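What follows is the residue order along each chain.
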Amino acid sequence: MTNVLEIIPQNLQAEVDSALAWFNSHEHASYEVTGIVDPPVASGSGEDLRLVLCGEGVCRQETFKVAGSAGVPTVAWLGLDHARDRLGVAELDPPPGARKAWLADVADKHSFAVLLFYRGFW
């Protein structure tokens, strides 16, 4: 099951801040981190940082790799998972389990449904 945290673990804060600063500079925007998806256990582990970024009227999930020291971090934006993108799956697809089954059931019963997506959460 996907684990989404609204509060960034303290040990990952420097890496998250570096990724956010890089992204805002690259996109010429002002996003904020509102969540982290399946956070790595330790900082500097080399694992991907999957961040929920909100700003500019939208929320989006972006993936980064942060390496190097806190003073001079190297940020790599990994963008979309191209394997998932080929399948036509939304980048912020509803999580598996009860909610996804409920969504499929509602879509079958009604001609339209209004879904609320708030700060990276369904």
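Residue positions are counted from 1 within each chain, in the order its sequence is given. Since the coordinates come from a predicted model, pLDDT governs what is reported: local features require at least 70, and pairs of side-chain atoms require 80 or more to be given and counted, while whole-chain, interface and lining totals use all residues. Excluded from the side-chain calculation are hydrogens and water; included are all heavy atoms of the structure.

(A) Molecular detail of the overall build of the chain. Numbered from the N terminus, helices here are DSSP runs of H or I no shorter than four residues, and strands are runs of E no shorter than two. Scanning the chain from terminus to terminus reveals 3 helices and 5 strands. The helix and strand sequence of the chain, counted from the amino end, reads β-α-β-β-β-β-α-α. The buried label goes to any residue with under 20% of its type's maximum accessible area, the exposed label to any with over 50%, and the partly exposed label to all in between, with areas taken from a 1.4 Å probe on protein chains only. Looking at the 122 residues of the chain, the share that counts as buried comes to 27%. Expressed as a percentage of contacts within the chain between residues at least 6 apart in sequence, the contacts between residues at least 24 apart total 50%. Surface summary for the chain: the accessible area is close to 7800 Å², and the carbon and sulfur share equals 57%. Note on contacts: a residue pair qualifies if any of its non-hydrogen atoms lie within 4.5 Å across the two residues. Method for areas: the Shrake-Rupley scheme with a 1.4 Å probe, in which residue coverage is limited to the protein chains shown.

(B) Structural context of the packing of aromatic side chains. Note on ring pairs: Phe, Tyr and Trp rings are taken, using the six-membered ring of Trp, and paired if centres are within 6.5 Å. Classes follow the plane angle, with under 30 degrees stacked, over 60 edge-to-face and the rest tilted. On inspection of all chains with the given rule, the structure shows 5 aromatic pairs. Between W22 and F64 the ring centres are 6.5 Å apart and the planes differ by 75 degrees, which places this aromatic pair in the edge-to-face class. Of this pair, W22 sits in helix α1 (residues 13-27) while F64 sits in strand β4 (residues 58-68), and the two are 42 residues apart along the sequence. Among the residues examined, W22 registers a relative accessible area of 27% and is labelled partly exposed. The class of F64 is buried, set by a relative accessible area of 0%.

(C) Spotlight on α1. A helix is expected to span 1.5 Å multiplied by its residue count minus one. Taking 1.5 Å per residue, 15 residues should reach 21 Å; α1 reaches 21 Å between its end C-alpha atoms and fits that length. Every buried residue of α1 is listed here: E15, V16, S18, A19, L20, F23 and N24. On its buried side, α1 packs onto β2 (32-37), β3 (49-55), β4 and β5 (73-77). Just beyond α1, the residue with positive phi is H28, at close to 50 degrees.

(D) Layout of the environment of A14. Structurally, the position occupied by A14 is in helix α1. Along the primary structure A14 and V66 are separated by 52 residues, whereas in three dimensions their C-alpha atoms are 9.6 Å apart.

(E) Layout of the confidence of the model for the chain. Residue-level confidence of the predictor is summarised by pLDDT, bounded by 0 at the bottom and 100 at the top. With 76% of its residues at a pLDDT of 70 or more, the chain has an overall mean of 78. No element of the chain has a lower mean pLDDT than helix α2 (residues 82-86), which averages 45, and none a higher one than α1, which averages 92. When the criterion is pLDDT under 50, residues 82-91 qualifies, and its contacts beyond four places in sequence or with other chains add up to 7 contacts.

(F) Summary view of the environment of V52. Among the secondary structure elements, V52 is positioned in strand β3. Overall, the relative accessible area of 2% leaves V52 in the buried class.

(G) Structural detail: the sheet that holds β2. Pairing between two strands is assigned when DSSP locates at least 2 bridges connecting them. Sheet architecture is open: 5 strands sit in the order β1-β2-β3-β4-β5, paired in antiparallel fashion. Single-partner strands in this sheet number two, and they are β1 (4-5) and β5. Bridge count for β2 against β3 is 5 bridges, and the pairing is antiparallel. Following the sheet pairing, E32 is matched in β3 by C54.

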